[in-house]
Structures are given as C-alpha cells and as structure tokens.
Amino acid sequence: MSELRQDPVTGVTTVLEPERAGRPRDHVHPVEASKDATHCPFCAGHEQSTPPSRLELSLPGESAWTVRVFENLYPALTAGDDQEWPAEIDAPWPYRGTTGFGVHEVIVESPRHDDTLAVYTREHAALLVEAWASRIREWREDGRFASALIFRNVGAAAGASMSHPHSQLIALSRVPEALLKELGNFSQDATESGRCVLCGAMSADDAGERIIFDDGVTAVHSPWAAPSPYFMRIAPRGCSATLADATAEERASLGTALVAAARAIKGALGEVAYNLVVHDAPYSAQHAGLPFHWHVEVFPRMGDQAGFEWGSGIYTNVVDPDVAASVLRAGLALE
Ligand code: AMP
Ligand code: ZN
C-alpha cells in the first residue's frame, strides 16, 4: 500500500510507492562523457574567457587559485550598481512583471576540468564552502537583495550546460516561494511548540537510522518524507539560520559532508546527474530574527517526476527512504 508523507520543513507531500519501483537503476541519468576541455572557459589558464574574478581562493601554500568566482556571462538576472530595485514592466492585464533584477555568479570549484566533488580533499571542499559563505555575505552586505540561493547542477539531466565542476549563486530582491513556505513552517513550529522543525526532523531521522554521514557537527540524512529516490538532506547539528555566519569548523565539516554525499551517490548509483541546493535563511528573515535552520538538499535526477507531479505539486518516490539510507551508506563505504 502506498503512503502519503509530508515533510515538515518544505511542506511538500510525497506519495511513497516502493512497490511501483522497477529496478532503481532504470531511473537514473548517467552523466555524459566530459567534452573536450581544450576550449573550456572555466579551466585554469582560460581566465580571459570569463568576466573578471570577484573572488579567488587558494589552498595553503599554493599561489594559483583553486576556487574562482565571477559574474555569469549569460546572467539570468542583473543589477547595475546604480539600480536599487526592479522596475515594473508593462504587462497585459492581468499579468504582472518586473525587470530581471538580481545577481548571477559562477563559482568554479577547481582548476581541473575532470575533478568531481566526490574526490575533493577536505581542505578543497572547505575552500568551496568558504567561497559560498563569502558570496552570501557579500550580497547580504549589499543591502538590495532579499535572499541568495547557491546551487550546483551536475549532468545535462540536472540542467548543467558546462561539465567543468562549478556551482552558482543567484541573489534576488524577493524571497522565492519555496523558501517562503519553509520560513512559514519554521515560524509555525517555533510558535506552537518552541522547537525547530528541522532539529525535530533530524532527531526522527536519527532514531529511524536514516543517517548517511555524521561527524557531530554536520549530518546527512535520508529524510522520512524524501520527495525523490536517494534524496539527502544535509544540515548542521547546531541550529543556525545562515551558512554565511558559520565558523571555519562548521564550513569544513559541511565540505566533508558534501563530499560524503557525492561519494554515496557515486558508490550507490555510479556517475549520475544530480542537483544540490543550499537553503539559507533569506536576508530579510535574518534581519528580522525569524527562525530558520539552514540546510542543503542533494538529489540524483530520476526520471519519475512527470505530469502528476507538475499538475499537483505532489511528488512520488519509488524508493523507501529507509532503503535509500542503507543503499547510500553502502555506496559511501564502497568509495
Ligand atoms: P550550468 O548551465 O548549470 O552548467 O551552469 C553554467 C553557467 O555558466 C551557465 O549559467 C552559463 O551561462 C555560464 N557560462 C557559460 N560560459 C561562461 C563564460 N565563458 N563565462 C561566464 N559564465 C559562463
Ligand atoms: Zn574546464
């Protein structure tokens, strides 16, 4: 019998239907072979092919960059220095629209084209997280934006157009709907029970043995109401609103947890397409002191989100999160 499960953090409802699973491997999208790196604009030595660096971080003892940030050459959103706010655009009633106001940056994660998150050293992964936190802080200080989103697309099925390892930041002048919904869930639980809903979900997933990685600072779970097969949620054990203010220890621990999640996917499913999204407290919520517990979602792209999901906003998952946890743990042990 299928079950309808609801995630208390995202509010998303999922139909868990493991009896409908074919072999899980039928659903995954392998990452296509990497294209010729000769002309890759993200490779070391090709810096002239991208906009100028906004941040370069190097490993201790190295002079060359390891992580490099610049504006996206084809930005989804832009904000001129003298522009304070998006402008309303003429829209045919009853539509509404504004200019695409925001920031879109590329964070190149490695000088090497064929690097993957699964093989970053602890120091390298910590440097990547330092870059993320630094860019979130940068746009918070700017003052014109309401939220910043960090994400990572791996493989064409996950929306990636470049194979060189990279992540991206988009800052917006408004809070996206998914985050608004989460904010509401955090606030509601804090008001009703004085607890953090994600701390509660983590305890339940600890008790259910759905832990994939845990170093006492950061944990990776296969959450009880996972919306898709092998979905993982990574969060700090300490309840804090933003990665921007994480300590160096917390950043290094997140880096290690990210590598563990990537290794778990690789060991369990092979080189498959996946997305990674950082859910950080909107700037507006940070300023207002609203409750939030930052976290990261990592999910292989499976081919089973179709018409029903688009039409209903309800997800379907054919892999029981308890089974996913043991498969991912085994995958991580293999790597
Ligand atoms: P993705 O499509 O997720 O792989 O992200 C790669 C991003 O890199 C896209 O959003 C592109 O717009 C951006 N991009 C592609 N070429 C360049 C370049 N030469 N300089 C800066 N950004 C680029
Ligand atoms: Zn490259």
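As a reminder, the structure under discussion sits directly above these lines.
Residues numbered from 1 in each chain as written. Chains lettered and ligands numbered in written order. Predicted model: local features only at pLDDT ≥ 70, side-chain atom pairs only at ≥ 80, totals over all residues.

A. Focus on the site of ligand 1. Not every one of the 15 residues close to ligand 1 is listed here, only the nearest: Pro 41, Thr 50, Leu 73, Tyr 74 and Ser 161. A class-by-class count of the residues in the shell around ligand 1 yields seven nonpolar, eight polar and no charged. (Near = placed C-beta within 6 Å. Nonpolar A, V, L, I, M, F, W, Y, C, P; charged D, E, K, R; others polar.)

B. Up close: the packing of helix 4 (residues 248-269) against helix 7 (residues 321-334). At a minimum axis separation of 7 Å, helix 4 and helix 7 run at an interaxial angle of 95 degrees. As summarised for this structure, helix 4 and helix 7 are arranged roughly perpendicular, according to the angle between their axes. Taking contact as the criterion, the partners of Ala 260, Arg 263, Ala 264, Ile 265, Lys 266, Gly 267 and Ala 268 in helix 4 are, on helix 7, Val 327, Leu 328, Ala 330, Gly 331, Leu 332 and Leu 334. When its residues are assigned to classes, the contact of helix 4 with helix 7 shows nine nonpolar, two polar and two charged. (Axes fitted to C-alpha atoms, helices over the stretch in contact; angles between N-to-C directions. Helix = DSSP H or I, 4+ residues; strand = E, 2+ residues; numbered from the N terminus. Parallel < 35°, antiparallel > 145°, perpendicular 65-115°, else oblique. Contact = placed C-beta atoms within 7 Å.)

C. Focus on helix 7. Helix length check: helix 7, at 14 residues, gives a terminal C-alpha distance of 20 Å against a target of 20 Å (1.5 Å per residue), a fit within 8%. Turning to helix 7, its buried residues number three or more, namely Pro 321, Ala 324, Ala 325, Val 327, Leu 328, Arg 329 and Leu 332. On the buried face of helix 7, the contacting elements are strand 8 (211-214), strand 10 (232-236) and helix 4. (Expected span 1.5 Å × (residues − 1). Buried ≥ 20, exposed ≤ 12 C-beta atoms within 10 Å, placed from the backbone.)

D. Examining the sheet that holds strand 5 (residues 102-108) more closely. As summarised here, the arrangement of the 10 strands in space is 3-4-5-7-6-11-12-10-9-8, forming an open sheet in which the pairing is antiparallel. Pairing within the sheet leaves two strands with one partner each, and these edge strands are strand 3 (53-57) and strand 8. On average, each strand axis in the sheet is inclined to that of its neighbour by 15 degrees, with strand direction left out of account. Pairing analysis gives four bridges linking strand 9 (residues 218-221) to strand 10, with the strands arranged antiparallel. For Val 220, the partnering residue across the bridge sits in strand 10 and is Ile 234. Strands strand 8 and strand 10 of the sheet are contacted by helix 7, whose axis makes an angle of about 45 degrees with strand 8. (Pairing = 2+ DSSP bridges.)

E. Representation of the environment of Gly 238 within the structure. Within the secondary structure, Gly 238 sits in the loop between strand 10 and helix 4. Judged by C-beta crowding, with 12 C-beta atoms within 10 Å, Gly 238 ranks as exposed. In the structure, Gly 238 is positioned 14 residues away from Ala 252 in sequence and 14 Å away in space, judged by C-alpha atoms.

F. Structural detail: the environment of Pro 227. With respect to the helices and strands, Pro 227 occurs in the loop between strand 9 and strand 10. Taking C-alpha positions, Pro 227 is 8.0 Å from Val 15, a pair spaced 212 residues apart along the chain. Excluding residues that lie within four positions of it along the chain, Pro 227 makes contacts with Val 12, Thr 14, Tyr 315 and Asn 317.

G. A look at the sheet that holds strand 1 (residues 3-6). Strands sit in the order 1-2-13 across an open sheet of three strands; the sheet is mixed. Every other strand in the sheet has two partners, leaving strand 1 and strand 13 (315-317) as the edge strands with one partner each. Across the sheet, the mean angle from the axis of one strand to that of its neighbour is 30 degrees, orientation sign disregarded. Of the strand pairs in this sheet, strand 2 (residues 13-16) and strand 13 are connected by three bridges, and their pairing is parallel. Of the residues in strand 13, the one forming a bridge with Val 15 is Thr 316.

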